[in-house]
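One letter stands for each residue in the lines below.
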Amino acid sequence: MKKRLLTLIFTLFMGAFSAFAQISDPTSWTFSQEKTGDNEYTLTFKATIQPGWTVYSINTPEGGPMPTSISIEEVGKGVELVGAPVESEPHKKHDDVFKVDVLYFADTYTVKQKIKVTDPGVTAVTGSVEFQACQEGACVPGSKDFTIKLEDKGGAKATVAEASAEKDAEQDDNLWIFFWVAFGSGLLAVVMPCVFPMIPMTVSFFMHGDANKAKAKAKAIFFALSIVGIYTALGLIISFLLGPGFINWLSTNWLPNICFFIIFMVFAASFFGAFEIVLPAWLVNKSDKQADKGGYVGAFFMAFTLVLVSFSCTAPIVGTVLVEAARGSVLRPIIGMLGFSIAVALPFGFFSFFPSKLSNLPKSGGWLNAVKVVLGFIEIALGLKFLMVADQTYHWGLLDREVYIAIWVAVFTLQALYLMGKIKFAHDSELTHIGVPRLVMIIITMSFVIYLIPGMFGAPLKALAGYFPPQETIDFDINRIVRDNAKEIMKSGVRVGNQSSNGVSDEPVKYSDFLHLPHGLDGYFDYNQALKAAQAQDKPLFIDFTGHGCVNCREMEQSVWSDPRVMEMLKNDYVVVALYVDDKTKLPAEEVYVSDYDGKKKNTLGKKNTDFQIKMFESNAQPNYILLDSRHGSDKELKPHVLQTARGHNKDRDAFVKFLQDGLKEYKARANK
């Protein structure tokens, strides 16, 4: 579920030959301007993105991948910004690695920024666009300088860019997944108390209301297709009314997320029997009268009547699908309702063709109400996600990770107790015994509860990462406490000369106040400092070219670095240095330089590390792992003393272990020459 199969196949194919052997530039940019008023201009920045690559939005949430940023040197020096930059409509997906909703662009990306010139001497603006482009196998940081002359002409080019940017951004990698989720929701709706009993009733009506059985079957199929059409039309109306801009607002703003949370709680209360969601009786009666006309018109109105009559217990399920759909692209409400309605219509079409199978249907009874109540518990659990979004955005501190998981533990424990018959609601029938299906559900529910409990104490629960608050919000993380205590013990250990007991220099680790290695590893964030430490300890150097916004880097750290064999070697056999290529920390004035590679000034830590990677290793992809012979560490000698061919995004743990082992063997072999 985490990675879409088609995307995976395509991007692995693309990444196989471009990730590490060459310097990638998957975007091309154009810059234009249009005069829109007295001394006012609209600047247009347009990127054309190669297939398989994506660029992240300026509005990427904090804690997510590296956002695009635009800097204009003349701002404050004769130029003022007018409002915030306006982007073309982004795609959106939830990223399980960063645990945020990521806004990104594929194919094209357009940004418009209005400016006002306050100094008549300013006839052009200069600056740069910084961004990160990613595909499945690699992430590439980029920077494009621009100079835009401010003239009265240029509007035509901006208009072309705008028209291209306004292409409907409806390509959603998750559409097929969402279709099947909606389809599953439709199957649940079929076993609701107000739908399930109608299957034999309506099918029998078609099979016995017409002497011509073939005609009766045709009308029954039309009846099933009408159900699909009615529900899908609802999705079409939602998309038409909302549009992509409003849908994006629904996805990111705190107010609709709070409203969605309340809606889910109302749905849950309805499933528990607190009240029923009903439509006006006159509407149902009017539709029912039309159904009596017979023929295909009657079949359509019978379908419409079914939808109206079943509204009391399908509304929460339909509403859940539409709420989830409204937080994505404009296609999702249509796709969602299509999947939902096909599942609802299937039994009617099936039993109209095979009426003899009706006798095999289970009889209506208390089990139907039990299905409703179980769905009520699930609605509560899913509804918390919307409250979590608002809580994380505004830092209310209501739903830290352990609080969120504790609520889930309570909800699903209550669900298990209900299935056991220990809790009863007003509309439940007496439970005299527990059948095999119910027993299976009890086992599944209790197993899930047991799986959740370690998450309250720091377990990552990777399978549910997208539904929980970030790991760092947990107060009592046992793994973090153990690591911190171990580090304190090491710091207080016996020191020899200028080395600690583990051989690490007393010199403070540069940038360690805001940069950290995963899994509590000790290491460095400056190449020269790490090289000195590796030489002092007589160890090879493990260079990790990474980035704050590199999804693939985080995946490697979670799935490969966490392997005990990898951790053991990185701790004991290598000196680790993480070089962040997207870090915006300003370099001290004495460290700022102009690169002899591209002639540009390098004034941030990220630009310095990117320049180092390109010049020394002819690559600009992340992640990129280099094993270096630290005994030959001058800049001019680096490339001849790489111990193994560099590795990138490849989650084969055994191959990564062999990579480290072979590098260590080569390091020792060279020592003996």
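All values derive from a computational prediction rather than experimental measurement. (Residues numbered from 1 in each chain as written. Predicted model: local features only at pLDDT ≥ 70, side-chain atom pairs only at ≥ 80, totals over all residues. Heavy atoms only, no water.)

### A word on the nonpolar core
So, point 1. Among the nonpolar cores identified, the biggest contains 28 residues, and Phe542, Trp561, Leu570, Phe656 and Leu660 are the most heavily contacted of them.
So, point 2. Going through the elements one at a time, α16 (551-561), α17 (564-572), β12 (575-580), β15 (624-628) and α19 (653-671) are the ones with two or more residues in this core.
So, point 3. Here this core gets six residues from one element, more than from any other, and that element is α19.
So, point 4. Not counting residues up to four positions away in its chain, the partners in contact with Trp561 are Pro518, His519, Leu521, Phe542, Asp544, Met556, Val566, Met567, Leu570, Tyr625 and Phe656.
So, point 5. In this structure, Trp53, Val55, Ala133 and Leu150 belong to the second largest nonpolar core, which totals 26 residues. (Core = buried A, V, L, I, M, F, W, Y, C linked by side-chain atoms within 4.5 Å. Buried < 20%, exposed > 50% of the residue type's maximum accessible area, 1.4 Å probe, protein only. Helix = DSSP H or I, 4+ residues; strand = E, 2+ residues; numbered from the N terminus. Contact = heavy atoms within 4.5 Å.)

### Quick word on the pattern of salt bridges
So, point 1. For the structure on display, the rule yields 17 salt bridges.
So, point 2. Glu591 serves as the salt-bridge partner of Lys608, at 3.8 Å between the closest nitrogen and oxygen. Of the two residues, Lys608 is situated in helix α18 (residues 605-617) and Glu591 in the loop between β12 and β13 (593-594); the sequence distance between them amounts to 17 residues.
So, point 3. Where salt bridges share partners, they join Lys510, Asp526, Glu591 and Lys608 into one cluster. (Salt bridge = Lys/Arg side-chain N within 4 Å of Asp/Glu carboxyl O.)

### Details of the sheet that holds β15
So, point 1. Reading across the sheet, the three strands line up as β12-β11-β15 and stay open at both edges, with mixed pairing between neighbours. Either end of the sheet is taken by a strand with one partner, and the two such strands are β12 and β15. Strand-to-strand, the axes of this sheet are offset by a mean angle of 20°, without reference to chain direction.
So, point 2. Two strands pair when backbone bridges link them, and strand β11 (residues 541-546) and β12 are joined in this way by six bridges, in the parallel orientation. Residue pairing for β12: Leu541 is matched across the bridge by Val575. (Pairing = 2+ DSSP bridges. Axes fitted to C-alpha atoms, helices over the stretch in contact; angles between N-to-C directions.)

### Looking at the sheet that holds strand β2 (residues 40-49)
So, point 1. Across the sheet, which stays open at both edges, the four strands sit in the order β1-β2-β8-β5 with antiparallel pairing between neighbours. Strand pairing shows two members of the sheet lacking a second neighbour, β1 (27-37) and β5 (79-87), which therefore form its edges. Strand-to-strand, the axes of this sheet are offset by a mean angle of 20°, without reference to chain direction.
So, point 2. Where β2 lies against strand β8 (residues 108-117), nine bridges are found, and the strand directions are antiparallel. Bridge pairing in β8 places Phe45 opposite Val111.

### Description of the environment of Leu579
So, point 1. Mapping Leu579 onto the fold places it in strand β12.
So, point 2. By relative accessible area, Leu579 is classed as buried at 0%.
So, point 3. Leu579 sits 55 residues away from Tyr524 along the chain, and the two C-alpha atoms are 8.4 Å apart.
So, point 4. What Leu579 contacts, discounting residues up to four positions off in sequence, is Phe525, Asp526, Tyr527, Ile543, Asp544, Phe545, Thr546, Asn609 and Phe612.

### Digging into the pairing of β11
So, point 1. With six of six residues buried, β11 lies mostly within the body of the structure.
So, point 2. On β11, burial covers both faces: Leu541, Ile543 and Phe545 on one face and Phe542, Asp544 and Thr546 on the other are all buried.
So, point 3. The pairing of β11 with β15 spans five bridges and is antiparallel. Bridge pairing in β15 links Leu541 to Leu628.

### Regarding unusual backbone geometry
So, point 1. Geometrically, the link from Gln622 to Pro623 is a cis peptide bond, its omega value of 0° lying close to zero.
So, point 2. Counting through the fold element by element, Pro623 comes out in the loop between α18 and β15.
So, point 3. The phi dihedral of Asn39 is positive, around 60°, even though this residue is not glycine.
So, point 4. Structurally, Asn39 can be placed in the loop between β1 and β2.
So, point 5. The residue Glu618 is not glycine, and still its phi comes out positive at about 50°.
So, point 6. Assignment of secondary structure puts Glu618 in the loop between α18 and β15.
So, point 7. The partly exposed category is assigned to Glu618, whose relative accessible area is 46%.

### A closer look at α18
So, point 1. The end-to-end C-alpha separation of α18 is 18 Å, in line with the 18 Å expected for 13 residues at 1.5 Å each.
So, point 2. Burial of α18 is extensive: 10 of the 13 residues sit out of reach of the surface.
So, point 3. Within α18 the residues assigned to the buried category are Leu605, Gly606, Asn609, Thr610, Asp611, Phe612, Gln613, Ile614, Met616 and Phe617.
So, point 4. Positive phi shows up at Glu618, right after α18, with a value of about 50°. (Expected span 1.5 Å × (residues − 1).)

### Here's the deal with the packing of aromatic side chains
Any two aromatic rings considered together are summarised by their centre-to-centre distance and by the angle between their planes.
So, point 1. Counted according to the given criterion, the structure contains 29 aromatic pairs.
So, point 2. For the ring pair Phe542 and Phe656, a centre distance of 6.4 Å and an interplane angle of 70° mean the geometry is edge-to-face. With Phe542 in strand β11 and Phe656 in helix α19, this pair connects stretches of sequence that are 114 residues apart.
So, point 3. Using a relative accessible area of 0% as the deciding quantity, one classes Phe542 as buried. (Phe/Tyr/Trp six-rings, centres within 6.5 Å; stacked < 30°, edge-to-face > 60°.)

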